[in-house]
Amino acid sequence: MDSESGEAFPASIEAAWGLRERPHKGPKRGLTLERIVSAAVKVADEDGLDAVSMSRVGNELGSSTMALYRYLATKDELLTLMLDAAVGPPPPLPEGLGWRRGLESWATSMRAAILTHPWTVHLLMPKGPPATPNQLAWLDQFLRILQDTGLPVSAKLATQLLISGHVWSHVSITAAITLDTEPGSLRRWSEYEPFLRRVTGGGRLPGLRAALDEGAFGADPGAPDDHFVFGLERALDGIEAHIRSLR
């Protein structure tokens, strides 16, 4: 297979890149892949990810479910493109930031983009390498930030996995403890500390009990911004030390 032919990727991904001709004939004039994805994002924003189905999106567009399958082979393809559209492209970086401040801006921007659409946290676990336009734009910007560091490309890619992994894990935990308000859920933050006190009584889990007594799980859900910055800075400290070791 030609390495640049794209034959291994779904037709919808190629269409998102403009590499494949869109269907011209169909029962609904004006139906496009972009409109389908936009409608699906709107459903998820309004009613949550579980509300997204091909039939629901078709209803939003006044089209049949089968009409959507002329643009998307599976619902998984739709979810992939929804994530790409919701997160969007990376914002431009100011000139002269330097690699460390550049990565701080990159990570902070990605976190903000994901939390703008909290349902995206359920789609962050990758099912393959990044392939959609915005996913690759984020990767491209990351690599350009590191271009003058002297890091070999393998280390640049490893750094991207480290920093994006920090972003994804942080937003996933933040969403779980601040957005889940289902009655009876142990993840409701207001109920978490009393639960932990019950299970750490009688000398059980002394390290956790000491953290409780120091207010680690109080009414404030742990200043998530501070926790995010702390973890990011420690990761960047390690990368900075490694870059210095190469000189």
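Residues numbered from 1 in each chain as written. Predicted model: local features only at pLDDT ≥ 70, side-chain atom pairs only at ≥ 80, totals over all residues. Heavy atoms only, no water.

## Considering the overall build of the chain
Of the regular secondary structure elements, the chain holds 11 helices and 0 strands. Buried positions account for 36% of the 247 residues belonging to the chain. At a minimum sequence separation of 6, the contacts of the chain that also span at least 24 residues come to 68%. Of the roughly 14,200 Å² that the chain leaves accessible, carbon and sulfur atoms contribute 56%. (Helix = DSSP H or I, 4+ residues; strand = E, 2+ residues; numbered from the N terminus. Buried < 20%, exposed > 50% of the residue type's maximum accessible area, 1.4 Å probe, protein only. Contact = heavy atoms within 4.5 Å. Areas by Shrake-Rupley, 256 points an atom, 1.4 Å probe, with all protein chains shown as cover.)

## Observations concerning the UniProt feature "DNA-binding region" (unreviewed entry) in the chain
Under the UniProt annotation, the feature "DNA-binding region" (unreviewed entry) is placed at residues 53–72. Helix makes up 60% of residues 53–72 and strand 0%. Its end C-alpha atoms lie 12 Å apart. (UniProt positions renumbered as here; feature names shortened; annotations may be inferred.)

## Considering the packing of helix H5 (residues 75–87) against helix H7 (residues 133–145)
Packed helix pairs are characterised by how far apart their axes lie and by the angle those axes make with each other. Contact geometry for H5 and H7: axes closest at 8 Å, N-to-C directions at 55 degrees. The orientation of H5 relative to H7 falls into the category oblique. Of the residues in H7, those touching H5 at Leu 83, Asp 84, Ala 85 and Val 87 are Pro 133, Asn 134, Gln 135 and Trp 138. Across the contact of H5 with H7, the residue classes tally to 5 nonpolar, 2 polar and 1 charged. (Axes fitted to C-alpha atoms, helices over the stretch in contact; angles between N-to-C directions. Parallel < 35°, antiparallel > 145°, perpendicular 65-115°, else oblique. Nonpolar A, V, L, I, M, F, W, Y, C, P; charged D, E, K, R; others polar.)

## With respect to the layout of surface pockets
What the largest pocket holds in volume is close to 940 Å³. Looking at the lining of the largest pocket, the elements that each hand over two or more residues are H5, helix H6 (98–116), H7 and helix H8 (153–178). Ranked by residues supplied to the lining of the largest pocket, first place goes to H5 with 7 residues. The class makeup of the residues in the lining of the largest pocket is 20 nonpolar, 8 polar and 4 charged. Composition of the lining of the largest pocket by domain shows at least three residues from each of domain 1 (11–86) and domain 2 (89–180 + 217–245). (1 Å grid on protein atoms, 1.4 Å probe; cavity = no way out; pocket = protein on both sides within 12 Å on 5 of 7 lines; lining within 4 Å. Points joined across faces, edges and corners; volume = space filled by probe spheres on them. Domains from an automatic or database assignment.)

## A few points about helix H11 (residues 224–245)
Along its 22 residues, H11 runs 32 Å from first to last C-alpha, staying within 8% of the 32 Å computed at 1.5 Å per residue. Phe 228, Leu 232, Glu 233, Ala 235, Leu 236, Ile 239 and Ile 243 are the residues of H11 that are buried. (Expected span 1.5 Å × (residues − 1).)

## Re unusual backbone geometry
If you check the backbone angles, Leu 205 has positive phi at about 50 degrees while not being a glycine. Summarising the element assignment, Leu 205 is placed in the loop between helix H9 (189–199) and helix H10 (206–213). Looking at Leu 205, the relative accessible area reads 49%, which means it is partly exposed.

## As for the packing of H6 against H7
One way to put it is that H6 packs onto H7 with a least axis distance of 9 Å and a crossing angle of 160 degrees. Classified by the interaxial angle, the pair formed by H6 and H7 is roughly antiparallel. The handedness of the crossing between H6 and H7 comes out as left-handed. Seen from H6, the contacting residues are Trp 99, Gly 102, Leu 103, Trp 106, Ser 109 and Met 110; seen from H7, they are Trp 138, Gln 141, Phe 142 and Ile 145. Taken together, the residues that form the contact of H6 with H7 break down as 7 nonpolar, 3 polar and no charged. (Left-handed = near helix turned anticlockwise from the far one by under 90°.)

## Remarks on the environment of Lys 127
Looking at the element boundaries, Lys 127 is found in the loop between H6 and H7. It is 9.2 Å that separates the C-alpha atoms of Lys 127 and Thr 80, two residues lying 47 residues apart in sequence.

## Examining the pattern of salt bridges
The tally for this structure, following the rule as stated, stands at 16 salt bridges. Arg 56 is paired through a salt bridge with Glu 60; the nearest N and O atoms lie 3.2 Å apart. On the criterion of helical spacing, the pair formed by Arg 56 and Glu 60 is a turn pair, its members being 4 residues apart in helix H3 (residues 54–61). We classify Arg 56 as partly exposed; its relative accessible area is 23%. Looking at Glu 60, the relative accessible area reads 36%, which means it is partly exposed. Salt bridges linked by common partners bring Arg 100, Glu 104, Glu 233, Arg 234, Asp 237, Glu 240 and Arg 244 together as one network. (Salt bridge = Lys/Arg side-chain N within 4 Å of Asp/Glu carboxyl O.)

## Some remarks on the packing of aromatic side chains
A full pass over the atoms with the stated rule returns 2 aromatic pairs. Pairing Trp 106 with Trp 138 gives two aromatic rings, centres 5.6 Å apart and planes at 80 degrees, and the pair type is edge-to-face. With Trp 106 in helix H6 and Trp 138 in helix H7, this pair connects stretches of sequence that are 32 residues apart. Residue classification places Trp 138 among the buried positions, given a relative accessible area of 3%. Measuring from ring centre to ring centre gives 4.8 Å for Trp 106 and Phe 142, while their planes differ by 80 degrees; the resulting arrangement is edge-to-face. Taken together, the residues Trp 106 in helix H6 and Phe 142 in helix H7 connect sequence positions 36 residues apart. Of the two residues examined, Trp 106 and Phe 142, each falls in the buried class. Among the aromatic residues, those joined into a ring-pair cluster are Trp 106, Trp 138 and Phe 142. When the ring centre of Phe 228 is taken as origin, the NZ or CZ atom of Arg 111, which lies over that ring, is 4.9 Å away. (Phe/Tyr/Trp six-rings, centres within 6.5 Å; stacked < 30°, edge-to-face > 60°. Lys NZ or Arg CZ within 6 Å of the ring centre and 35° of its normal.)

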